[in-house]
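Survey of secondary and tertiary structure
Residues per chain are reported as follows:
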Amino acid sequence: MKALLKRGMTTLTLLLMIAVFAGCASEGTTQGANEENNSQSNGQVGDYPEKPIQVIVPAGAGGDTDANARLLGKYLEEELGQSVVISNVTGAGGTVGAREVLDADADGYTVLFFHNSLLLNRILGLVDFSYDSFKLAGIPVLDHGNTFVVSGDSPFEDLQDLIDYAREHPGEVSIATEVGGFTHLQLLALEQDQDIELNIVDVGGASDKVAALLGGHIDIIPTSLGLVKDYIESGEMRTLGIMSRERVDIMSDVPTFTEQGVNSSFEKFFFYGFHPDTPDEIVETFSQAVERVVQTEEYVAEAEEFLVTPTFMSPEKAFEYIQETEDYYIELSEE
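Attention here is on the structure that accompanies the text.

Conventions used here
Residues numbered from 1 in each chain as written. Predicted model: local features only at pLDDT ≥ 70, side-chain atom pairs only at ≥ 80, totals over all residues. Heavy atoms only, no water. Helix = DSSP H or I, 4+ residues; strand = E, 2+ residues; numbered from the N terminus. Buried < 20%, exposed > 50% of the residue type's maximum accessible area, 1.4 Å probe, protein only. Contact = heavy atoms within 4.5 Å. Areas by Shrake-Rupley, 256 points an atom, 1.4 Å probe, with all protein chains shown as cover. Axes fitted to C-alpha atoms, helices over the stretch in contact; angles between N-to-C directions. Parallel < 35°, antiparallel > 145°, perpendicular 65-115°, else oblique. Nonpolar A, V, L, I, M, F, W, Y, C, P; charged D, E, K, R; others polar. Salt bridge = Lys/Arg side-chain N within 4 Å of Asp/Glu carboxyl O.

**Regarding the overall build of the chain**
- When its secondary structure is counted, the chain shows twelve helices and eleven strands.
- Going through the 335 residues of the chain one by one, you find that 55% of them count as buried.
- Residue pairs in contact within the chain that sit at least 24 positions apart in sequence constitute 78% of those at least 6 positions apart.
- Put simply, the chain shows about 14,000 Å² of open surface, and 47% of that area lies on carbon and sulfur atoms.

**Some remarks on the packing of helix H3 (residues 64-80) against helix H11 (residues 297-305)**
- Across the interface, H3 lies against H11 with an axial gap of 11 Å and an inter-helix angle of 170°. The orientation of H3 relative to H11 falls into the category roughly antiparallel. Between H3 and H11, the residues in contact are Leu71, Leu72, Lys74 and Tyr75 and Glu298, Tyr299, Glu302 and Ala303, respectively.
- For the contact of H3 with H11, a count of residues per class yields five nonpolar, no polar and three charged.

**Structural notes on the pattern of salt bridges**
- Taken as a whole, this structure holds twelve salt bridges when the rule is applied.
- Across the pair Asp64 and Lys268 runs a salt bridge whose closest N-O atoms are separated by 2.8 Å. Here Asp64, found in helix H3, pairs with Lys268, found in strand E10 (residues 268-274); they are 204 residues apart in sequence, far enough to count as distant.
- You can call Lys268 buried: its relative accessible area is 8%.
- Within the structure, one salt-bridge network assembled from shared partners comprises Arg122, Asp132 and Glu326.

Below is the structure:
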């Protein structure tokens, strides 16, 4: 199975290196401009923010990353007194959008909102930057509801049904992912842990996965439970469990993968990151606004409707948390 994982990683690397290569071409030409703009921005720190802030979301509209960014943005506008504009910049597993923030002016008006996938991009050798290339402004929310979902008429009633069938029929169960993304690591970990072979199909981001399942083009999608809860309540879809270490209060009736014999767990975090040359005072102003939002009862109520857990981590705490997560992913990729 180790050999299979290594072959999967190798194939994955080759595919995404092609996509990322073009996006890296303009890196060298923007560095000088950024340094000049950094100098210009230093005199405006005390007035921040004076104009709308652009939040780059390296994922498509309609997915869980987009939804969380827009909900937080609505409340951040109240705290910051300026418009917060969400821009979806997709491509190459999120690296295109993340790179756009690194190429932007370091004036605090362009900020990244992303998640675990950024770690995988560097672990797989696709890019030379990751979370530590940005000046973090904290983690505002965690998603413990990462799940596998099947259609309502699927023969798989639970996770064990899926594992048993996949073991007897290698490569026949199709499961969606975005190659190089967070869900891809989940699938590789399941294959390794259960010694099974799935038919992994790259269908794109979260909203693309939902469309693929509804259209009958795929057997299973890994996604956020909050994103598909209406489909589950209507009976159009069924969850096979969540990947958190323990059951979660806001979805207490959903079993974990661990309870069903799978030795792997994943939780999704969302973070804000600025250009590394952004003045500390600006990042601190933004971070404090995020913390106030996460403590707002109205925001918490709306977020929990989406089955995510508002949890503010300071920039320092967020760095440690993400670093520990990266170590876990590296360990998985080396097994």
